[in-house]
Amino acid sequence: MTDREETFAKVVQLIEPFNKKDVELTDSTTFAGDLEWDSLIVMDFVASVEDEFDILITMNMQAEIETVGQLVDSVEELRNDG
Amino acid sequence: MTESDANPMDPAEAPPGHTHGRDLFSKFDALIAERDTLLDTGVRDPFGLVMEKVLSPTLAIVKGKETILLGTYNYMGMTFDPDVIEAGKQALDDFGSGTTGSRVLNGTYQGHMEVEEALKDFYGTAHAMVFSTGYQANLGLMSTLAGKEDYIILDADSHASIYDGCKLGDAQIVRFRHNNVEDLDKRLGRLPAEGGRLVVLEGVYSMLGDIAPLKEMVEVSKRHGAMVVVDEAHGMGFFGPNGRGVFEEAGVEDQVDFVVGTFSKSVGTVGGFVVSNHPKFGVLRLVCRPYVFTASLPPSVVATAATSIRKLKYAGNKRQHLWENSRRLHKGLRDLGFDLATPEAQSAIIAILLPDQDTTVRMWQALLEAGVYVNMARPPATPAGMYLLRCSLCADHSAEQVTQILAMFEGAGKATGVLG
């Protein structure tokens, strides 16, 4: 697996506990639309992603992230920065 | 209707077939429908209560009925204090009804200086800055202190005014799990070395009435080189030997860089403030937009606030009675079988957890009809999607009133099936 594939797999794993409707997860799956997450779920989920990868995803960045693919790309970028 | 009467903004006046943008109100349709459904069941509107008369800090007339007030944040009962009232009347006579201007133009009167002096004396700080509301104090501090390269680290359950202040500014915003010291520590540890750091905490979190572990949180923040602000909106008046707030009781006064507060709770009027010992604090008066671009508080308001703050410093007996009331109500409700948000009374707010909106509204209404007013709170104001009935106690509630309140809760709990 490439690094990105590994990150994608890990992110999918972290989404699962909050994926109550078993939505299929691809790069283009949206958090608000497809997964129907509210701000409380987003808070919990973001904290779990931050802790898994030992990064910070600021609220400013969160506002720009709509899809699973965008999140995976951001995580990749933050890990390489750090 | 003549041509000139027609409002060009009214979609009904538009020629048929003309395409307008979507009605801007359509995004609220779900909320409007939910509210209509609720009110159609015949319950009273929990967010539309009117007090026809206010008899004292603990009693009002609601729909012609004498009602015990248990949801006012009037913790120290200062709203009808004779000295406070007299100071307000005198200021109305001497200085008029309003300033009609900003603090930095024509809006600074003798009274504004006096209330800032009273705050400096109450908190033992070198500086005090008064805003027109507590909301604006947070708006101003968050948006001005931290710039684009800086980080604000805040508790996930922070008050709306803190979040809104962050939105108004350019700082990078990082959240940590509510009251979680380890979570705060980890996030501070991940920050890049460059950029300033401002950790935002609250002494009392008003939804559940729980307090922050400030000793540990401030220690962690300082270890990571952050400045610390503590919002004591719900703690001023009755925490710590001088009533300064939870940070005083936690013994971290010398570590906290800014304390934010309000006049609209224990002080008993309206207004907000920040106190600090930072040597450059005064510059905020020139750069803080929610301070500069709004009208200052009316003379009567700052006069009542100054008088009230001076009295709060020596209100040891009132503090003690407020704590007695809070502990007794908490224990009484717990013994009746209600599910409470905190294991013991941590502040003057006691929150009761209820399963859903329907039960919460019915319980709220049963209490009101019995003769006690409490606050209903629902998502998104509450954490974790909770439905709550919140009680806030007053130092002026008599022991007899607390007994009456408990009896009303027992009756309402049984009538609505909340209590088995």
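Residues numbered from 1 in each chain as written. Chains lettered and ligands numbered in written order. Predicted model: local features only at pLDDT ≥ 70, side-chain atom pairs only at ≥ 80, totals over all residues.

**Let's talk about the overall build of chain B**
Here is step 1 of the chain: What chain B contains, in helices and strands, is 14 helices and 16 strands.
Here is step 2 of the chain: Projected onto its principal axes, the C-alpha positions of chain B cover 65 × 60 × 55 Å.
Here is step 3 of the chain: Each of the 420 residues in chain B was classed as buried or not, and the buried ones make up 48%.
Here is step 4 of the chain: When contacts within chain B are restricted to residue pairs at least 6 apart in sequence, those whose partners lie at least 24 apart make up 72%. (Helix = DSSP H or I, 4+ residues; strand = E, 2+ residues; numbered from the N terminus. Buried ≥ 20, exposed ≤ 12 C-beta atoms within 10 Å, placed from the backbone. Contact = placed C-beta atoms within 7 Å.)

**Here's the deal with the pairing of strand E3 (residues 65–69) of chain B**
All names here are of chain B.
Here is step 1 of the chain: Here strand E2 (residues 59–62) pairs with E3 via four bridges, running antiparallel. Bridging from a neighbouring strand, Ala60 pairs with Thr67 of E3.
Here is step 2 of the chain: Counted along the chain from E2 to the antiparallel partner E3, the turn is two residues long, and its residue Lys63 has a positive phi close to 50°.
Here is step 3 of the chain: In this sheet, strand E14 (residues 372–373) lies alongside E3 in parallel orientation, the contact comprising two bridges. Note that in E14 the partner of Ile68 across the bridge is Val372. (Pairing = 2+ DSSP bridges.)

**So, the interface of chain B and chain A**
Here is step 1 of the chain: Contact with chain B, which involves twelve residues of that partner, is made by ten residues of chain A.
Here is step 2 of the chain: Looking at which element gives the most residues to the side of chain B that touches chain A, the answer is strand E6 (residues 172–176) of chain B, with four residues.
Here is step 3 of the chain: The class makeup of the residues in the side of chain B that touches chain A is six nonpolar, two polar and four charged. (Nonpolar A, V, L, I, M, F, W, Y, C, P; charged D, E, K, R; others polar.)

**Brief notes about the domain arrangement of chain B**
Residue and element names in this part refer to chain B.
Here is step 1 of the chain: The domain boundaries assigned to chain B delineate domain 1 (38–76 + 315–416) and domain 2 (79–312).
Here is step 2 of the chain: Look at where the C-alpha atoms of domain 1 and domain 2 centre, and you get two points 27 Å apart.
Here is step 3 of the chain: Tallying the contact residues gives 23 residues for domain 1 and 20 residues for domain 2.
Here is step 4 of the chain: Counting residues per element, the ones that place at least two in the side of domain 1 that touches domain 2 are helix H12 (316–336) and strand E13 (349–354).
Here is step 5 of the chain: Partitioning the side of domain 1 that touches domain 2 into residue classes produces 16 nonpolar, six polar and one charged. (Domains from an automatic or database assignment.)

**Regarding the environment of Asp356 of chain B**
Residues and elements named next belong to chain B.
Here is step 1 of the chain: With respect to the helices, strands and loops of the structure, Asp356 is situated in the loop between E13 and helix H13 (357–370).
Here is step 2 of the chain: Judged by C-beta crowding, with 9 C-beta atoms within 10 Å, Asp356 ranks as exposed.
Here is step 3 of the chain: Separated by 29 residues in the primary sequence, Asp356 and Gly385 have C-alpha atoms spaced 9.6 Å apart.

**Comments concerning the packing of helix H3 (residues 110–123) of chain B against helix H11 (residues 299–312) of chain B**
Helix-helix packing is described using two parameters, namely the angle between the two axes and the distance between the axes.
All names here are of chain B.
Here is step 1 of the chain: Interaxial distance between H3 and H11 falls to 8 Å at its minimum, and their mutual angle equals 20°. By the angle between their directions, the pair H3 and H11 is classed as roughly parallel. Pair H3 / H11 crosses with left-handed handedness. Mapping the contact onto sequence places Gly111, His112, Glu114, Val115, Ala118, Leu119 and Phe122 in H3 and Pro299, Val302, Ala303, Ala305, Ala306, Ile309, Arg310 and Leu312 in H11.
Here is step 2 of the chain: Its residues assigned to classes, the contact of H3 with H11 shows eleven nonpolar, two polar and two charged. (Axes fitted to C-alpha atoms, helices over the stretch in contact; angles between N-to-C directions. Parallel < 35°, antiparallel > 145°, perpendicular 65-115°, else oblique. Left-handed = near helix turned anticlockwise from the far one by under 90°.)

**A few points about the packing of helix H1 (residues 3–15) of chain A against helix H4 (residues 68–81) of chain A**
Residue and element names in this part refer to chain A.
Here is step 1 of the chain: Running from N to C, H1 and H4 point in directions that differ by 120°, and their axes come no closer than 10 Å. On the basis of the axis angle, H1 is oblique to H4. The element H1 and its partner H4 pack so that their crossing is right-handed. From H1, Asp3, Arg4, Thr7, Phe8 and Val11 reach across to H4, where they touch Val68, Leu71, Val72, Val75 and Glu76.
Here is step 2 of the chain: Across the contact of H1 with H4, the residue classes break down as six nonpolar, one polar and three charged.

**Observations regarding the sheet that holds strand E4 (residues 127–131) of chain B**
Residue and element names in this part refer to chain B.
Here is step 1 of the chain: Spatially, seven strands are ordered E4-E12-E11-E10-E7-E5-E6 in an open sheet, and the strand pairing comes out mixed. Of all strands in the sheet, those bounded by a partner on one side alone are E4 and E6. Direction aside, the axes of adjacent strands within the sheet are offset by 20° on average.
Here is step 2 of the chain: Pairing between strand E10 (residues 227–231) and strand E11 (residues 258–262): three bridges, direction parallel. Each bridged residue has a counterpart across the sheet, and for Val229 the counterpart in E11 is Phe258.
Here is step 3 of the chain: Against the sheet, H3 makes contact with E4, E11 and strand E12 (272–276), and its axis sits at roughly 130° relative to E4, the strand it touches most.

**Considering the nonpolar core**
Here is step 1 of the chain: Residues Leu119, Ile152, Ile153, Leu214, Phe273 and Leu367 of chain B are the most contacted members of the largest nonpolar core, which totals 119 residues.
Here is step 2 of the chain: With seven residues, H11 of chain B is the single largest residue contributor to this core.
Here is step 3 of the chain: Mapping this core onto the domain boundaries places at least three of its residues in each of domain 1 (38–76 + 315–416) and domain 2 (79–312) of chain B.
Here is step 4 of the chain: Core analysis: the second largest hydrophobic core is formed by seven residues, Val11, Ile15, Leu71 and Val75 of chain A among them. (Core = buried A, V, L, I, M, F, W, Y, C linked by C-beta atoms within 7 Å.)

**A closer look at the sheet that holds strand E1 (residues 53–56) of chain B**
Here is step 1 of the chain: Taken in spatial order, the four strands of this open sheet run E1-E2-E3-E14 (chain B), and their pairing is mixed. Unpaired on one side and paired on the other, E1 and E14 of chain B mark the two borders of the sheet.

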